[in-house]
Amino acid sequence: MNKILEGKYAVTMDMYPLQGKEFNRIYPFYEFLKEGRLTTTACRDCGKKAFPPRVVCPECLSENLEWVDLPTRGKVLVVTEEEVGVPLGFETPLIHALIDLGGELTLFSRVVNVKQGELKEGDEVKLTVFPVDPVSVEGKKGAVNLQERVFFAFEKA
Amino acid sequence: MRNVCIIAGGQSQWGVRQATLRDMFQEAGKACFADNPAVTNKDIDGLIVGSAYTERCSFQTHLAPLVAEHLGIKPKSVCARVELLCATGSTGIIMAYGLIKSGLADVIMVIGGEKLYTPQRWEINFSELASVDHDWDGAMGLGLPPPIFAMVAKQHMKLYGTTEEQLAMVSVKNRRNGLNNRKGQFREEITLETALNARPIVRPLKLYDCCPVTDGAAAVILAVEDKARHLTDKPLVYIRGAGQASLHNMSANMANWTTWESLKIAAEQAYKTARVSPRDIDVAQTHDCFTISEIIEYEDLGFCEKGEGGYFIQEGRSDFGGQVPVNTDGGLLSCGHPFGATGIRQAIEIMRQLRGDAVRQVEGARIGLTHNLSGVIAAHTVVIYGRDLD
Ligand SMILES: [Zn+2]
């Protein structure tokens, strides 16, 4: 172990995004997520709804965007169960599903609270939001502030 | 317009290497010059270096001048690094092709490499979270690609009746093709039974359906035709055309999992610029990161009809003696897959096939194709080579 790095944490190697408004212009996504809402941005000029959320419309390049809700319940189209090679920080087996969110969006999402073999095509699933490890952010005069974070997955409805 | 030739190619040993990234770049550079003693490091005016994980696994940026210094190359037209994850190598080749064609450069070495085995094995899987859209797909744990390609395989099997046996046949063929490739990671034949009974990674994909993690490097030299004539005494091999296309990056924006639309666009562009059709291809190296990938590539490259990829392998049409031998050097499944080097390895094999000095030679091959895919099946890169210009 390199002594210089003792007690340090390399945030640039973290598997979750930086979510605070000091670091990310789409921070409202994570604020909404904490309220149980799955959202994205839609363009007020051309109507394009894009996922993931943006700061510029990928269709007409307008910055005139608004936050809109996406369905939080969906239907499982296909299931995969990863038995080998799961990245650190995720459970084995790591279960994913292609989820149809009411025809608005098809997400390839992690599905939690389910055992191998339990999740089937056609199952109803719902959004679940959970805290993930906070990141430490340097403040003034050496202060270290912990920034809370959340992320989402789906679970059986 | 100026014509561009590929005049030399070589690679380091691939596998789990007791070597640094820069060690392997030196090995690949030396092997490339050894392939064609008529060209030396003093003849190179441009250098393009490819590596995807150089920052993560070797803590090193600004790679091109470092490689130039180590290989005694003094670039004056271009000295830069390219990155497109798994298709980094063929991207470097397209860039060099364009620079030479335009007259900005005459003789360019394209060299790519990857050091993936670090002292702590968990770092490999963890670093993969940077390969997908980190903030969205990465946070879902979609780092290593098996879940993505298992999702593809499940849907292809359901839609077209492709079987696990047909998947396994790809891996049996490519392992057989790689048997005498002494620079490859695996040189052991496997049987259909071994492949079918192997441990599952993400069902229906089992161990031999997946390419391994690999350390390695590879290099080629491209030259403008009039210089190429003086810099090699081997038959000239031309780059005839190329295409590179992307329609999405994040998994949520992949419109069709079983027909790779951006592959079709890249292929169409490559066929058009090369003025050939899929039926003209004598030999191909396609991106067999998983067995299902090669099956879909037969279809979307136009070697067979959509949905018939499983039968294409089953009937031996991608094997020696078939319609178009695919992955004649063993492919990713046999050689391994150091991201930055794979596209270059494919180009070396096609160059050898067209020169007529491949380890497993396709008799009389005059037109060859390479296909590289990258990310969440997010970009496709196709290059067409020929012994002739028309
Ligand atoms: Zn718009």
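Residues numbered from 1 in each chain as written. Chains lettered and ligands numbered in written order. Predicted model: local features only at pLDDT ≥ 70, side-chain atom pairs only at ≥ 80, totals over all residues. Heavy atoms only, no water.

Caption draft 1: Local environment of the nonpolar core. Formed by 93 residues in total, the largest nonpolar core has its most connected members in A:Leu38, A:Leu107, A:Phe152, B:Phe149 and B:Phe303. Aside from chain neighbours lying at most four places away, what touches B:Phe149 is B:Leu205, B:Trp260, B:Cys289, B:Phe290, B:Ile292, B:Ser293, B:Leu373 and B:Ile377. Counting 34 residues, the second largest nonpolar core, distinct from the first, contains B:Val4, B:Ala242, B:Ala347 and B:Met351. (Core = buried A, V, L, I, M, F, W, Y, C linked by side-chain atoms within 4.5 Å. Buried < 20%, exposed > 50% of the residue type's maximum accessible area, 1.4 Å probe, protein only. Contact = heavy atoms within 4.5 Å.)

Caption draft 2: Region of the structure containing unusual backbone geometry. In this structure, A:Pro52 follows A:Phe51 across a cis peptide bond, with omega equal to 0°. Within the element layout of this structure, A:Pro52 appears in the loop between strand 2 (49-50) and strand 3 (65-70). A positive phi angle is found at B:Phe59, which is not glycine, with a value near 50°. By secondary structure assignment, the location of B:Phe59 is in the loop between helix 2 (54-58) and helix 3 (63-71). Judged by its relative accessible area of 80%, B:Phe59 is exposed. Of note in this structure, B:Ile377 is not a glycine but carries a positive phi near 50°. Relative to the helices and strands, B:Ile377 is located in the loop between strand 10 (367-374) and strand 11 (379-386). (Helix = DSSP H or I, 4+ residues; strand = E, 2+ residues; numbered from the N terminus.)

Caption draft 3: Region of the structure containing the sheet that holds strand 1 (residues 38-43) of chain A. Residues and elements named next belong to chain A. If you walk across this open sheet you meet the three strands as 2-1-3, and the pairing is antiparallel. Where the open sheet ends on each side, the last strands, each with one partner, are strand 2 and strand 3. Pairing analysis gives two bridges linking strand 1 to strand 2, with the strands arranged antiparallel. Opposite Thr41, over in strand 2, you have Ala50 as the bridge partner. (Pairing = 2+ DSSP bridges.)

Caption draft 4: Region of the structure containing the interface of chain B and chain A. At the interface, 32 residues of chain B touch 38 residues of chain A. When chain B packs against chain A, close to 3,000 Å² is buried across both sides, 67% of that on carbon and sulfur atoms. Contact with chain A buries area across many residues of chain B, yet B:Phe126, B:Trp136 and B:Met140 alone supply 25% of it, more than any other trio. In this structure, the connection of chain B to chain A is made through two salt bridges. With its nearest N and O atoms 3.1 Å apart, the salt bridge here joins A:Glu83 to B:Arg203. Where chain B touches chain A, the interface holds eight residue pairs in polar contact (both at pLDDT 80 or more). Mapped onto the side of chain B that touches chain A, the elements with two or more residues apiece are helix 5 (122-127), helix 6 (146-160) and strand 5 (200-202) of chain B. No other element matches the seven residues that helix 6 of chain B contributes to the side of chain B that touches chain A. (Buried area = accessible area lost by both parts, 1.4 Å probe. Salt bridge = Lys/Arg side-chain N within 4 Å of Asp/Glu carboxyl O. Polar contact = N/O pair within 3.5 Å; in protein donor to acceptor, adjacent residues only side chain to side chain.)

Caption draft 5: Quick peek at the coordination of the zinc ion. All names here are of chain A. Only Cys43 (SG), Cys46 (SG), Cys57 (SG) and Cys60 (SG) from the protein coordinate the zinc ion, and they sit 2.3 to 2.4 Å from it. Because the angles between the four donor atoms bound to the zinc ion fall within 103 to 115°, the donor set is best described as tetrahedral. Positions of the donor residues of the zinc ion along the chain correspond to the pattern C-x2-C-x10-C-x2-C. Here the residue Cys43 occupies a position in strand 1, and Cys57 occupies one in the loop between strand 2 and strand 3, the gap between them amounting to 14 residues. Owing to a relative accessible area of 1%, Cys57 belongs among the buried residues under this scheme. (Donors = N, O, S within 2.8 Å, 3.2 Å for Na, K, Ca; no water. Tetrahedral: all angles 85-135°; square planar, octahedral: opposite > 155°, others 65-115°.)

Caption draft 6: Structural context of the pairing of strand 7 (residues 124-138) of chain A. All names here are of chain A. The sheet contact formed by strand 4 (residues 73-82) and strand 7 spans three bridges and is antiparallel. Looking across to strand 7, one finds that Lys75 is bridged to Glu124. Here strand 7 pairs with strand 8 (residues 144-156) via 12 bridges, running antiparallel. Paired with Val132 across the two strands is Arg149, which belongs to strand 8. Counting the residues between successive antiparallel strands, the hairpin from strand 7 to strand 8 contains five residues, one of them, Lys141, with a positive phi of roughly 50°.

Caption draft 7: Quick look at the domain arrangement of chain B. Residue and element names in this part refer to chain B. Taken domain by domain, chain B comprises domain 1 (4-120 + 214-231) and domain 2 (141-212 + 240-386). One C-alpha centre belongs to domain 1, the other to domain 2; they are set 23 Å apart. With 42 residues of domain 1 at the interface, the matching set in domain 2 holds 36 residues. Together, Trp14, Cys86 and Thr214 form the three largest contributors to the area buried by domain 1 at its contact with domain 2, with a combined 24%. (Domains from an automatic or database assignment.)

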